Amino acid sequence: MGNWKKLKQMRQSEPRGLGALWGAALGLALLATTGCASVDEWGRAKVYRPTAINDQQVWKDLLSTRPDVRTLEVAVGDQGGRVTVLTIPVAEGVGAGSEVRVLYLHGTFRHAFRNLPKTAPMAAAGLTVFIPDYRGWGVSSPLMPSEASIQEDALAVWEALQKLPPKNGSGLPVRWVIYGHSMGSAVAVALAEQLKVKNAYCALVLESSFTNFSDVAYAAAGWVGRGLVAMGEQRMDAGALMAKVQPPVWFLHGEQDNTVPMHLGRRLFELAPEPKTWVQWPLEHSDLHTDPTGRYEQVWRDIRSACEKQPV
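Residues numbered from 1 in each chain as written. Predicted model: local features only at pLDDT ≥ 70, side-chain atom pairs only at ≥ 80, totals over all residues. Heavy atoms only, no water.

**What to know about the packing of aromatic side chains**
Consideration 1: Inspection of the entire model under this criterion finds 12 aromatic pairs.
Consideration 2: For the pair Trp59 and Phe113, a centre-to-centre distance of 6.4 Å together with 75° between the ring planes defines the contact as edge-to-face. With a gap of 54 residues between them, Trp59 in helix α4 (residues 56–64) and Phe113 in the loop between β3 (99–105) and α5 (120–124) connect regions that are remote in the sequence.
Consideration 3: Summarising the aromatic geometry, the rings of Tyr104 and Tyr179 are spaced 4.8 Å apart at their centres and angled 80° between planes, so their arrangement reads as edge-to-face. Of this pair, Tyr104 sits in strand β3 while Tyr179 sits in strand β5 (residues 174–181), and the two are 75 residues apart along the sequence.
Consideration 4: Classification of Tyr179 by relative accessible area gives buried; the value is 0%.
Consideration 5: Taken together, the ring pairs in this structure connect Tyr48, Phe210 and Phe213 into an aromatic cluster.
Consideration 6: The side chain of Arg266 reaches across the aromatic face of Trp278, ending 4.7 Å from its centre.
Consideration 7: The residue whose ring lies beneath Lys276 is Phe269, and the NZ or CZ to ring-centre distance is 4.7 Å. (Phe/Tyr/Trp six-rings, centres within 6.5 Å; stacked < 30°, edge-to-face > 60°. Helix = DSSP H or I, 4+ residues; strand = E, 2+ residues; numbered from the N terminus. Buried < 20%, exposed > 50% of the residue type's maximum accessible area, 1.4 Å probe, protein only. Lys NZ or Arg CZ within 6 Å of the ring centre and 35° of its normal.)

**Comments concerning the nonpolar core**
Consideration 1: One finds Ile178, Tyr201, Leu204 and Met242 to be the most contacted residues of the largest nonpolar core, which totals 50 residues.
Consideration 2: When residues in this core are grouped by element, the largest group, 7 residues, is from helix α7 (residues 183–194).
Consideration 3: With near-sequence residues (within four places) excluded, Tyr201 lies in contact with Trp158, Trp176, Ile178, Ala192, Leu195, Val245, Gln246 and Gln310.
Consideration 4: Among the nonpolar cores identified, the runner-up in size contains 34 residues, and Met122, Ala123, Ile303 and Cys307 belong to it. (Core = buried A, V, L, I, M, F, W, Y, C linked by side-chain atoms within 4.5 Å. Contact = heavy atoms within 4.5 Å.)

**Quick word on the pairing of β3**
Consideration 1: For β3, the tally of buried residues reaches 7 of 7 residues, placing the bulk of the element in the interior.
Consideration 2: Because side chains alternate across β3, one face comprises the buried residues Glu99, Arg101, Leu103 and Leu105, and the other comprises Val100, Val102 and Tyr104, equally buried.
Consideration 3: Sheet topology note: the β3/β5 ladder contains 7 bridges and is parallel. The residue of β5 that forms the bridge with Val102 is Val177. (Pairing = 2+ DSSP bridges.)

Here it is, written out as structure tokens:
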């Protein structure tokens with residue numbers, strides 16, 4: 001990558017995801033030359049592209065299409081902040097005899113409801129999924145997000161979810177998977193690194209992951225992209241924290257990913273502690289759940305099985 005032809009391909013394939021990072025960087029440079037006081041906020045808007053739902057009727061209409069989905073409100077910060085969490089139950093007839101839950105940390109642009117299709121293989125494998133919208137997304141509190149606010153939200157949701165009882169009063173031990181997709185993979189690594197309690201989670205799963213925003217920008221626009229991103233304050237440096245997390249770590253990536261090239265995921269994989277697992281598909285950035293072979297769903301069954309064997 002690192003040339004304008006490839007950059008153009010990225011713009012066409014993922015104009016609203018991490019591929020927008022190059023545009024934010026270039027715009028940031030232009031604004032900086034004018035002395036604009038809101039350069040940082042403008043840059044964050046272009047990098048994260050949060051999609052809020054400002055119409056409550058729209059939100060109600062969305063929820064009506066998925067009567068199985070429940071919502072949970074989590075307080076965050078000391079300014080009355082609020083994060084909405086969607087809960088997706090396991091598929092009917094599966095998941096008996098265990099209580100494995102997934103905290104799903106989504107990427108840029110799409111709010112939680114639009115990420116629901118990616119949870120289907122997890123639910124089918126017998127895992128209950130909790131997917132929060134960081135502030136600025138969905139119906140969570142309005143905010144122009146930053147790396148700090150996103151990570152604060154993730155930790156607040158994690159702490160709130162630890163207080164939930166087992167389903168139906170079963171008394172089964174609860175085990176947790178921390179899962180992050182795209183930008184969410186860096187959020188997941190940062191959260192996992194903060195959890196010093198042994199066996200706080202049974203698996204860390206990173207899909208379409210990368211080392212840091214700077215490397216994503218370099219893949220898009222070479223040294224120009226890297227230099228321009230350095231002008232901002234958003235780092236998402238998973239690579240700096242990767243060796244500090246508790247394993248096991250699972251890496252899932254698409255061979256045809258033009259948003260986060262697979263070599264960035266491999267580089268993060270090399271930094272991870274053992275045991276770790278790498279699985280790849282001939283697919284793209286956000287479509288691994290559409291795998292027609294069933295192998296993606298099987299990976300989630302394998303994760304569930306590995307979690308069930310771990311101590312609580």
